[in-house]
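# Structural overview
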Amino acid sequence: MADKKELVVPRTSEDIIIDVNASVEDQIKQAELKAKLMELELKAQALEAQKLEIVERQYHIKDLKAKIADRDIREKQLKEDREQQGRSIAQQDATDKYRFSVCTHRKGGMASSRDVRVLSTGGNSNQYAVIKHQMINGDIWVRCLRCGRTWAPPVEKNFFFDEKGRQVAPADGTFDKAKFTTAVEDYKRATMLETNNSMSTSVQCRFSTIDLETGKVVDAADLYRESIASTNLR
Ligand SMILES: [Zn+2]
């Protein structure tokens, strides 16, 4: 007859309690089994940890992808906004150019409740509807009170164009001498327009700067002009 021992299958290494009353051999066997089970458990835990790491990494990748997508959307929106702005500015420029071109810049003319066009297109008087303003550096700027066109001393750096004829920074285009000369002529004519409006002036200053190479004081009227070249008297 075989020895009838109750067969207990241990689930974890914790379930194995070494019986100090058993034979040394049995105790060793129990200890070995306990050690084996522990080893397996450690391996299982390591595997579980690796699985969790993979899951965590996947979440991280998802997060990153979402962030990148968000940024793409923001950049696209920004680009569209900029393009829209560019279009609005171009439209405003075109509208201004048209208004300037149809204006006689003269006083006079009759405005009626039915037709007030003369207020923006100018009249037919000998006198011009312009104000002349002497800037802080002595330059004279002229502005039409009807259409708002402003004539200022042309600045060379604003007469560089690319192949498509768009105005660009000096480094990106070529200087259009003809356009510049025309602008200078236009400006001179504007300063001579006859008007009985009196000229307004600013406090007069001379602009100078120190040349970094020579250490000498040099005239900086051009620098001043360049820095205010894109403004008008509006
Ligand atoms: Zn005008």
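All residue numbers refer to positions counted from 1 along the written sequence of the respective chain. Per-residue local features are limited, in this predicted model, to residues with pLDDT of at least 70; the limit for side-chain atom pairs, both in listing and counting, is 80 or more; totals at the level of whole chains, interfaces and linings are taken over all residues.

## Some remarks on the overall build of the protein
Numbering of helices and strands starts at the N terminus; helices are DSSP runs of H or I of at least 4 residues and strands are runs of E of at least 2. The number of helices and strands found in the protein is 4 helices and 8 strands. Counting only C-alpha atoms and orienting by the principal axes, one finds that the protein spans roughly 140 × 60 × 35 Å. In this scheme every C-beta is placed from the backbone, and a residue whose C-beta has 20 or more other C-beta atoms within 10 Å is buried, one with 12 or fewer is exposed, and one in between is partly exposed. Out of the 234 residues in the protein, the part that is buried amounts to 9%. Two residues form a contact once the distance between their C-beta atoms, set from the backbone, is within 7 Å. Here the analysis covers contacts within the protein between residues at least 6 apart in sequence; of these, 44% occur between residues at least 24 apart.

## Overview of the domain arrangement of the protein
How big an interface is tends to be reported as the loss of accessible area on association of its parts. As annotated, the domain borders come from an automatic or database domain assignment. One can read the domain layout of the protein as domain 1 (16–95) and domain 2 (126–227). Put simply, the middle of domain 1 and the middle of domain 2, counted by C-alpha atoms, are 63 Å apart.

## Observations concerning unusual backbone geometry
Even without being glycine, histidine 105 reaches a positive phi, approximately 60°. With 22 C-beta atoms packed within 10 Å, histidine 105 lands in the buried category.

## Considerations on the pairing of strand β2 (residues 140–144)
Across the 5 residues that make up β2, a large majority, 4, are buried. Pairing between two strands requires that DSSP report at least two bridges joining them. Sheet topology note: the strand β1 (residues 130–134)/β2 ladder contains 5 bridges and is antiparallel. From the neighbouring strand, histidine 133 faces β2, where its bridge partner is tryptophan 141. Connecting the antiparallel pair β1 and β2 is a turn made up of 5 residues, with glycine 138 showing a positive phi of about 100°. Sheet analysis places β2 next to strand β3 (residues 150–151), joined by 2 bridges and oriented antiparallel. Bridged to arginine 143 within β3 is threonine 150. In this antiparallel pair of consecutive strands, β2 and β3, the connection spans 5 residues, and glycine 148 shows a positive phi of 90°.

## Some thoughts on the nonpolar core
Defined on buried residues, the nonpolar core groups Ala, Val, Leu, Ile, Met, Phe, Trp, Tyr and Cys residues joined through C-beta atoms within 7 Å. If you look at the biggest cluster of nonpolar residues, it comprises 10 residues: Tyr128, Ala129, Val130, Trp141, Val142, Cys144, Cys147, Trp151, Ala152 and Ala190. Considering every element that reaches this core, the biggest residue donor is β2, with 3 residues.

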